[in-house]
Amino acid sequence: MRLQLDTFSVRRLEFSDRTRLVDATLYLNLAEISALLTQHPAIADVEIAITHPGDEVRIVHLLDAVEPRCKLEGRGRIFPGVLGDPTTVGSGSTCRLDGMAILTTAEFPVPVGGLLQAREAVVDMSGPAATYSIFSSTANLVLHFVPAPGANNADFDSAMRVASLRLAEYLAQQVGGREPDRSEVYELTPTERDLPRIVYIYQAQSQGTLADTLLYGTQINNIVPTLIHPNETMDGAIVSANFVYACFKNPTYLHLNNPVIKELYAEHSKSLDFAGVVFYRGHNYTQAEKQRAANYAAKLAEFLKADGVVLTGEGGGNSAIDMMLTLQECERIGIKTTVITYELGGPEGKDFPLVDSVPEAETIVSTGSCDKTILLPEIAKVLGGVAYLDTAQPATQAREIMLDKVYCSTNQLGAGYMMAQAY
Amino acid sequence: MTSVATAVGANRIVRAGRIPHPTGDPTQDPEHELEWRKRVMQVSLDALAARIEKQTIFET
Amino acid sequence: MSEKIRVVHYINQFFAGIGGEDKADARPERRAGAVGPGRALQAAFGQDAEIVATILCGDTYFNENADRVADDLIAQIADDKPDLIIAGPAFDSGRYGMACGKICVVAHEKLGIPALTGVAPENPAAEVYAPYIYVVPTGGTAAKMREAVAPMARLGLKLARGETLGTPAQEGYLPSGKRRNVFVPETAAKRGVQMLLRKVRGEPYETELRVPTYDRVTPANPVNDLKHATIAVGTEGGTVPTGNPDHIESVRATRWQTYSILGMDTLAAGGYESAHGGYDARFANADPNRMVPVDALRVLEKGGAFAELYDAFFSTVGCGMPIATGTEIGRAMANRMKQEGIEGIIITAT
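How each quantity is defined
Residues numbered from 1 in each chain as written. Chains lettered and ligands numbered in written order. Predicted model: local features only at pLDDT ≥ 70, side-chain atom pairs only at ≥ 80, totals over all residues. Heavy atoms only, no water. Helix = DSSP H or I, 4+ residues; strand = E, 2+ residues; numbered from the N terminus. Areas by Shrake-Rupley, 256 points an atom, 1.4 Å probe, with all protein chains shown as cover. Lys, Arg positive; Asp, Glu negative; His and termini not counted. Charge placed at Lys NZ, Arg CZ, Asp CG, Glu CD. Contact = heavy atoms within 4.5 Å. Buried area = accessible area lost by both parts, 1.4 Å probe. Salt bridge = Lys/Arg side-chain N within 4 Å of Asp/Glu carboxyl O. Polar contact = N/O pair within 3.5 Å; in protein donor to acceptor, adjacent residues only side chain to side chain. Pairing = 2+ DSSP bridges. Axes fitted to C-alpha atoms, helices over the stretch in contact; angles between N-to-C directions. Core = buried A, V, L, I, M, F, W, Y, C linked by side-chain atoms within 4.5 Å. Buried < 20%, exposed > 50% of the residue type's maximum accessible area, 1.4 Å probe, protein only. 1 Å grid on protein atoms, 1.4 Å probe; cavity = no way out; pocket = protein on both sides within 12 Å on 5 of 7 lines; lining within 4 Å. Points joined across faces, edges and corners; volume = space filled by probe spheres on them. Nonpolar A, V, L, I, M, F, W, Y, C, P; charged D, E, K, R; others polar. Parallel < 35°, antiparallel > 145°, perpendicular 65-115°, else oblique. Left-handed = near helix turned anticlockwise from the far one by under 90°. Phe/Tyr/Trp six-rings, centres within 6.5 Å; stacked < 30°, edge-to-face > 60°. Lys NZ or Arg CZ within 6 Å of the ring centre and 35° of its normal.

Student: Looking at this model, I keep getting lost on the overall build of chain A. Mind explaining?
Tutor: Within chain A, the regular secondary structure consists of seven helices and 26 strands. Along the first, second and third principal axes, the C-alpha atoms of chain A reach 60 × 50 × 40 Å. As displayed, chain A has an accessible area near 14,000 Å², and 48% of this comes from carbon and sulfur atoms. Averaged over its 33 positive side-chain charges, chain A has a centre that lies 2 Å from the centre of its 50 negative ones.

Student: Could you clarify how one ought to interpret the interface of chain A and chain C in this entry?
Tutor: The accessible area lost on association of the parts is a frequent measure of interface size. Taken together, the contact between chain A and chain C spans 65 residues of the former and 49 residues of the latter. Counting the surface lost from both chain A and chain C, the interface buries some 5,000 Å², and carbon and sulfur atoms represent 61% of this. Linking chain A with chain C are six salt bridges. Its salt-bridge partner being Glu 263 of chain A, residue Lys 190 of chain C comes within 3.4 Å of it at the nearest N-O pair. Between the two partners, chain A and chain C, sit 25 residue pairs in polar contact (both at pLDDT 80 or more).

Student: What exactly am I supposed to notice about the sheet that holds strand β21 (residues 336-343) of chain A here?
Tutor: What links the strands of a sheet is backbone hydrogen bonding, and the strands pair in either a parallel or an antiparallel sense. Residue and element names in this part refer to chain A. Judged by pairing direction, the sheet is mixed, and its six strands sit side by side in the order β17-β19-β14-β20-β21-β22 without closing on themselves. A strand with exactly one partner marks an edge of an open sheet, and here the two such strands are β17 (226-228) and β22 (363-369). Adjacent strand axes in the sheet meet at a mean angle of 25° when their direction is disregarded. Bridging between β17 and strand β19 (residues 273-281) involves three bridges; their strand directions are antiparallel. Bridging from a neighbouring strand, Leu 227 pairs with Val 278 of β19. The strands touched by helix α5 (residues 259-267) within the sheet are β14 (197-204), β19, β20 (308-312) and β21, with β14 carrying the most contacts at an inclination of about 170°. Seen against the sheet, helix α7 (residues 317-332) touches β14, β19, β20 and β21 and runs at an angle of roughly 165° to β21.

Student: Sorry if this is basic, but what is going on with the nonpolar core here?
Tutor: Tyr 10, Phe 45, Ile 55, Ile 85 and Ile 103 of chain C are the most contacted members of the largest nonpolar core, which totals 61 residues. If sequence neighbours within four positions are ignored, Ile 85 of chain C has contacts with Val 8, Ile 55, Ile 74, Ile 77, Ala 107, Ile 113, Pro 114, Ala 115 and Leu 116 of chain C. Core analysis: the second largest hydrophobic core is formed by 52 residues, Ala 49, Tyr 253 and Phe 279 of chain A together with Leu 197 of chain C among them.

Student: Sorry if this is basic, but what is going on with unusual backbone geometry here?
Tutor: Glycine aside, negative phi is the norm for most residues, and most peptide bonds take the trans geometry. Residue Pro 89 of chain C follows Gly 88 of chain C across a cis peptide bond; omega there is 10°. Phi is positive for Ala 24 of chain A, close to 65°, though the residue is something other than glycine. Residue placement: Ala 24 of chain A occurs in the loop between β3 (20-22) and β4 (25-29). Under the relative-accessibility criterion, Ala 24 of chain A is labelled buried at 11%. Although it is not a glycine, Cys 408 of chain A sits at a positive phi angle of roughly 65°. Here Cys 408 of chain A is to be found in the loop between β25 (399-402) and β26 (418-422).

Student: Hey, could you run me through the layout of surface pockets in this one?
Tutor: A water-sized probe, rolled over the atoms, reveals where empty space remains. In this structure, the second largest pocket spans a volume of roughly 780 Å³. Lining the second largest pocket are 29 residues, with Ala 422 of chain A together with Arg 179, Glu 206, Thr 207 and Glu 208 of chain C positioned closest to its centre. Among the secondary structure elements, those contributing two or more residues to the lining of the second largest pocket are β26 of chain A together with α7 (168-171) and α8 (188-200) of chain C. The biggest single contributor to the lining of the second largest pocket is α8 of chain C, with five residues. Of the residues belonging to the lining of the second largest pocket, the class tally is 12 nonpolar, six polar and 11 charged.

Student: What am I meant to see in the pattern of salt bridges here?
Tutor: Pairing is possible between side chains that carry opposite charge, provided their charged atoms lie close to one another. Enumeration according to the criterion identifies 45 salt bridges over all chains in this entry. Its salt-bridge partner being Asp 390 of chain A, residue Lys 405 of chain A comes within 4.0 Å of it at the nearest N-O pair. Here the residue Lys 405 of chain A occupies a position in the loop between β25 and β26, and Asp 390 of chain A occupies one in the loop between β24 (381-383) and β25, the gap between them amounting to 15 residues. Here Arg 161 of chain C and Asp 48 of chain C are joined by a salt bridge, their closest N and O atoms 3.5 Å apart. One end of the pair, Arg 161 of chain C, is in the loop between α6 (145-160) and α7; the other, Asp 48 of chain C, is in the loop between α1 (37-45) and β3 (49-57), with 113 residues separating them in the sequence. The exposure class assigned to Asp 48 of chain C is partly exposed, which follows from its relative accessible area of 27%. When salt bridges with common partners are traced through the structure, they connect Glu 67, Arg 69, Arg 96, Asp 98, Arg 182 and Glu 184 of chain A into a single cluster.

Student: Looking at this model, I keep getting lost on the interface of chain B and chain A. Mind explaining?
Tutor: Taken residue by residue, the interface counts 10 residues in chain B and 11 residues in chain A. The three residues of chain B that bury the most area against chain A are Met 1, Arg 18 and Ile 19 of chain B, which together make up 50% of that side's buried surface. At the surface where chain B touches chain A, the tally comes to one salt bridge. Residue Glu 289 of chain A is joined to Arg 18 of chain B by a salt bridge in which the shortest nitrogen-to-oxygen separation is 2.3 Å. Linking chain B with chain A are four residue pairs in polar contact (both at pLDDT 80 or more).

Student: Any chance you could explain empty space enclosed by the protein here in plain terms?
Tutor: All names here are of chain A. Within this structure, the stated rule accounts for three cavities of 30 Å³ or more. Put simply, the largest cavity is a space of about 80 Å³. Every residue lining the largest cavity is listed: Leu 63, Asp 64, Val 66, Thr 104, Asp 157, Met 160, Arg 161, Ser 164, Leu 165, Ser 240 and Phe 243. Broken down by secondary-structure element, the contributors of at least two residues to the lining of the largest cavity are β7 (62-66) and α2 (153-175). Class assignment for the residues of the lining of the largest cavity results in five nonpolar, three polar and three charged. Space inside the second largest cavity adds up to approximately 60 Å³. Lining the second largest cavity are Ala 320, Met 323, Met 324, Thr 341, Tyr 342, Leu 344, Pro 353, Leu 354, Val 355 and Asp 356.

Student: Would you mind showing me how to read the packing of α5 of chain A against α8 of chain C here?
Tutor: Geometrically, a packed helix pair is captured by the angle between its two axes and the distance between the axes. Relative to each other, α5 of chain A and α8 of chain C sit at 50°, their axes nearing to 8 Å. Classified by the interaxial angle, the pair formed by α5 of chain A and α8 of chain C is oblique. Note on packing geometry: the crossing formed by α5 of chain A with α8 of chain C is right-handed. Contacts from Pro 259, Val 260, Glu 263, Leu 264 and Glu 267 of chain A of α5 of chain A reach α8 of chain C at Ala 189, Lys 190, Val 193 and Gln 194 of chain C. Residues of the contact of α5 of chain A with α8 of chain C, tallied by class, amount to five nonpolar, one polar and three charged.

Student: Can you help me understand the packing of aromatic side chains in this one?
Tutor: Given two aromatic rings, their pairing is described by the distance between the two centres and the angle made by the two planes. Tallied over the entire structure, the rule returns 21 aromatic pairs over all chains. A ring pair is formed by Phe 135 of chain A and Tyr 407 of chain A, whose centres lie 5.5 Å apart and whose planes are at 40°; its orientation type is tilted. Pair noted here: Phe 135 of chain A is in the loop between β11 (123-124) and β12 (139-147) and Tyr 407 of chain A is in the loop between β25 and β26, with a separation of 272 residues, a long-range link. Accessibility assignment for this pair places Phe 135 of chain A and Tyr 407 of chain A in one class, buried. Arranged with centres 6.4 Å apart and planes meeting at 40°, the rings of Phe 15 of chain C and Phe 91 of chain C form a pair that is tilted. You can see Phe 15 of chain C sitting in the loop between β1 (5-12) and β2 (29-32) and its partner Phe 91 of chain C sitting in strand β4 (residues 84-91), a full 76 residues away along the chain. Relative accessible area serves as the criterion here: at 3%, Phe 91 of chain C is assigned to the buried category. Joined through ring pairs, the aromatic side chains of Tyr 10, Phe 14, Phe 15, Phe 62, Phe 91 and Tyr 96 of chain C make up one cluster. Over the face of the ring belonging to Tyr 27 of chain A we find Arg 20 of chain A, whose NZ or CZ atom lies 4.7 Å from the ring centre. The cationic tip of Lys 299 of chain A hangs over the ring face of Tyr 296 of chain A; the distance from NZ or CZ to the ring centre is 3.5 Å.

Right under this line is the structure:
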């Protein structure tokens, strides 16, 4: 598989009479976009806003983040299985708009309790909280979807996803085909030297509506660990439908721009031989299912002749067990394994940092503790909603907030610069 | 999860159902589910009455 | 440079020149300026800081009256307006080390100023006080005074200036056992790949988190005779009466409850729900016995498998719960069970 990725930089977004990209400013025709987003009967309306890094703006009720992309050449359509047929992607050429994100926000029409609910997810575009989310530094097109009367959560969720992914494709299509700002080719070419073979084991959450991940448009809750080419992820083969805990959900934006895949490609043929990606579901429900998934993932890494594995997860304590069992099985069969994980530890950082661990976990990368609180200052403007979901207080107000409600603050795909350390 | 129970140091561990329903099995009809649950509870009672020297997993 | 940093120094009777073990009951006092090892400390500070007062006390007297002496001494130095308090170094002297730790804690609490001491790592005061104040590791004896004082002065200046500190290894103090969030120049993904490559190549690597170890408990004795035993049932799955009347938190719960099952043959669907924020609750909400197996236990109770099911079930939410909270709740539940004559409990876990 060989994929050429054409990148166009976007620094500003502006509403205009015609959708086009000029000098890193993406002009957007509001009426056109609005019509595109409200086609499904489960969606009554959509409010569209623009915000940039440094703005005195807070975004709440965040669901997913998407980067505009479209296929220029080669088989299939971007986000296959969600937009159109599940045609195998990852070849040909793809256009992407770098530096911006489409952020979807909404409140679901039917209240649900327990795990499977969308929890508060906040991004500040300026101020002290802005250092904790990667989406504080992108130019953001914020969509606030309003459900139609009588719509259920599953239909509304699916309608929002199709609408925002279609917008992502549409925006890229308006730009693609011209001379890009830069262009890269991704291909797992044979390495000339004898380098350590590194496999990426890529775990995702899938538990049901509002806590799902889609592979070529289908939930992954019944898959055994499987192989996927890294290029397929760049064409949207993996789409997030998970809104459970803000700090450690992996948005579609990061499935497209997976930081570990990016890093392994950057080092391919230099310091390592990128041997492939094993994709699987965490949050398996029994010890036997967890062990089976762990063993299978490790076995596939062994089939790929891995010397080392980077392992990432999505979600909290449940997924941590799957990760640790996978790491343990890899080490048992002689594959060195590094895991990237969030930490707990309590607000003071003196409690146990991990839900589960095994003695074989000798190389752990920390993405920081989500148990710490930070102060969200009072802010002039709020997008995505009016009041915090958990406290019902106006979201313009100052509050102390735990990092678990800050979008992607302790993201385990390793996009962030935060870590926890002993002091 | 027996691996977590073992890691955190529980001594009498019974292997039962799944995370969302440790003493349930929604795939069975109610009558058989109750029979299964009784068996899990009987093993749990046996575990309470068992003399053990170290961490032990009791199979159902 | 603005004004000099004002430092108060604590030492014991020996280093104050009063005497050795025979003078260990020396009463607390405050003296102006630097005394004894304070002069070495002052030299290490140079022009940046000044020891404005020294407080001292005999080791035995201090430890026998620790709260009162510490409060009195700290009250005496309030007017000195210190920016920093330094105690010791106490090397491997246990009582002196404990006094240093205590005086630092009280100064930090009452005056809100940074506090640091220096003791040998094997001094019991190191383990006791490192979680609360800065403890610089020193050699075992006063022969290592010069080597001890320099890093104490260096760290003290940084603390007094409110500078952000690096890791304990970089700054030369003992870890507190706590962890904080920091930002570093490289993404976690990059750090992960680099750490893995070092491990694969057999090069030295440093994990960002060492795997913690849990306490081990000796297995409890078995229930003697089930035929005569009261057995309870409980869950960390957050089963509560519908509406969660006691507001048990869905994550990081601090509460637990018992709910009566007196005269009930089953937990009726609709009467209970899960307050737990960590699993899909539909199955247990449809039939709460899937979380708290009252129906099965009643059948076994009637069949004589055990004497009696305790007439309430225990419930809390085990989701993101700190170990400290869990330990506290476990202890409270166990106490209740002992009071109620419960001999065994079956706890379901999600």
